[in-house]
Amino acid sequence: MKLWGGRFSLPTEKQVEQFTASIQFDWRLYEDDIAGSVAHCRMLARQGIISPDDARQIIAGLQQVYDQIKRGELEFSSDLEDIHTHVESRLRELIGEPAGRLHTARSRNDQVALDLRMYARRFIIGLGRQLIAVQSVLIDLAERHLDWVMPGYTHLQRAQPIVLGHHLLAYREMLARDFARYRDSYARVNLLPLGAGALAGVPYPTDRNYLAKLLGFAGLLANSLDAVSDRDFALEVMSANAILMVHLSRLAEDLILWSSSEFGFVEIDDRFATGSSIMPQKKNPDVAELIRGKAGRVFGDLHALLTVMKGLPLTYNRDLQEDKEAFFDSADTCLACSSILAPMLSSLKFNQARLRQTAGENYSLATDYADYLVGKGVPFRQAHSIIGQVVAWCVEQGRDLESLSINELRHFSDRFDPDAIEINVDYSVNRRQGQGGTAPVQVERAIQEARVDLSRQEEWVNTTETALPDLDELFSRPPAG
């Protein structure tokens, strides 16, 4: 018998049961579903809506259901549609008639909204820890390669010398912004929908603030219609996931390029590479390539849920069942990519000689020569034109800028003095001491600031996790406690 079967005279078609069932993916909400049910039961008893004796039996039964699912002893079936029905059905088998009182003053509509919000909270905290780990590795790598000169690129063409530590910290900055996005979104995730009922609220003297306190929510969703139909919180988290994967994909792309023989900047450890079934010499950056590739599925997950939501009238519609697969896949992919990235980054071996060799090639010091002339009183636009002529002549002659004598330079401008021959890659990077620049002294300062920011991130994660409900503690409280 379905939970909603009283209205119906014919059984559901088997094909319909299989088509509408969500248990094959929403089973993973069982911990959140049971925690919400325990808190709801305690609230009902506290408010005198059900008896303390019924509450004791229900909570003891939910403990058994939780243990059975955790041990893999509860068989899931499409006949019971979803995780909520499985839990309630098994509870009824264990304790009988009192199980039917658990669903007083709630609907599966506000129940599933609660479960997904609780799951999203745990996801944000778990991913936050992984982002901290990746940032920590990037900061350590930047510190070890503080003054390793390398070429910086625009348009994938060598542009100006930078230091490797500066390049690595650029990705740290991206991940710090990602962390901030998750932290900001948490405030909107962390609102309680339970108590909204199916859509209109409930005709019982419930205490939603007490529920929020039990379940660690910072506040309530103010409108019952919005509470059951809102998936902004999921879209916001999945948007953050998509932006995160943009950043991870860009980092992966750099590693893929840098590990090629054409670049030769870095070697990826054997543990994070694979070979070819036909070409014995190959060492492929498959982990980085998969991170780059998996970004597409996270983008697709977001687009899928946006499409589901854009045409829904208020309030709950069965279309909303499609939120969970997209959310779970997006979350799983981000967790998988970020968790493998930290150890892979830790294993990287950079080629200092190759980085330094390429840093000054392809006339990457041209801007420094122009800046030199500016320092001698030449307007920048005129200096730019002069050095452009120098570069054109060098290309024609097959010469490098650094190979030119002072007399050859003075052929293009009499503002060149003998100290012009001191311009090299170290001169270039050390002069860029403005805030945010690539000078090692600035990179060292940025590393110190990044470590302070990282400690703040860790503090937020630890504090936020502490506020989440402890299921064992929920089970052990007095029924109306």
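That block above? That's the structure.
The model shown is predicted, which means the values in this text are computed figures rather than measured ones. (Residues numbered from 1 in each chain as written. Predicted model: local features only at pLDDT ≥ 70, side-chain atom pairs only at ≥ 80, totals over all residues. Heavy atoms only, no water.)

A. A look at the packing of helix α3 (residues 30-46) against helix α4 (residues 52-70). Where α3 contacts α4, the axes come no closer than 10 Å and their chain directions differ by 175°. With respect to each other, α3 and α4 are oriented roughly antiparallel. Two secondary-structure elements touch here, α3 through Y30, E31, I34, S37, V38, C41, R42 and A45 and α4 through A55, I58, I59, L62, V65, Y66, I69 and K70. Here the residues of the contact of α3 with α4 are counted per class, giving 12 nonpolar, 1 polar and 3 charged. (Axes fitted to C-alpha atoms, helices over the stretch in contact; angles between N-to-C directions. Helix = DSSP H or I, 4+ residues; strand = E, 2+ residues; numbered from the N terminus. Parallel < 35°, antiparallel > 145°, perpendicular 65-115°, else oblique. Contact = heavy atoms within 4.5 Å. Nonpolar A, V, L, I, M, F, W, Y, C, P; charged D, E, K, R; others polar.)

B. Main features of the pairing of strand β2 (residues 157-163). Both strand β1 (residues 149-154) and β2 contribute to a ladder of 6 bridges, which runs antiparallel. Bridging from a neighbouring strand, G152 pairs with Q160 of β2. Counting the residues in the hairpin turn of β1 and β2 gives 2 residues, including H155, whose phi is positive at 60°. (Pairing = 2+ DSSP bridges.)

C. Structural detail: the environment of I125. By the secondary structure assignment, I125 is in helix α6 (residues 108-144). By relative accessible area, I125 is classed as buried at 3%. For the pair I125 and A336, spaced 211 residues apart in sequence, the C-alpha to C-alpha distance is 15 Å. Each residue touching I125, except ones within four places of it in the same chain, is listed here: Y186, V461, T464, E465 and L468. (Buried < 20%, exposed > 50% of the residue type's maximum accessible area, 1.4 Å probe, protein only.)

D. Just the side chain of S338, in detail. Looking at where S338 falls in the secondary structure, it is placed in helix α12 (residues 322-346). With a relative accessible area of 1%, S338 lands in the buried category. In terms of polar contacts, S338 uses its side chain to reach the backbone carbonyl oxygen of L335, at 3.3 Å. Once you skip the residues sitting within four places of it in the chain, S338 turns out to touch L127, Q130, V134 and L248. (Polar contact = N/O pair within 3.5 Å; in protein donor to acceptor, adjacent residues only side chain to side chain.)

E. Summary view of α3. Given a rise of 1.5 Å per residue, 17 residues ought to cover 24 Å, and the 24 Å separating the end C-alpha atoms of α3 matches this to within 8%. Of all 17 residues in α3, 15 are buried; the element is thus mostly enclosed. Taken from the residues just after α3, G48 is the one with a positive phi, measuring 75°. (Expected span 1.5 Å × (residues − 1).)

Geometry only, nothing functional implied.
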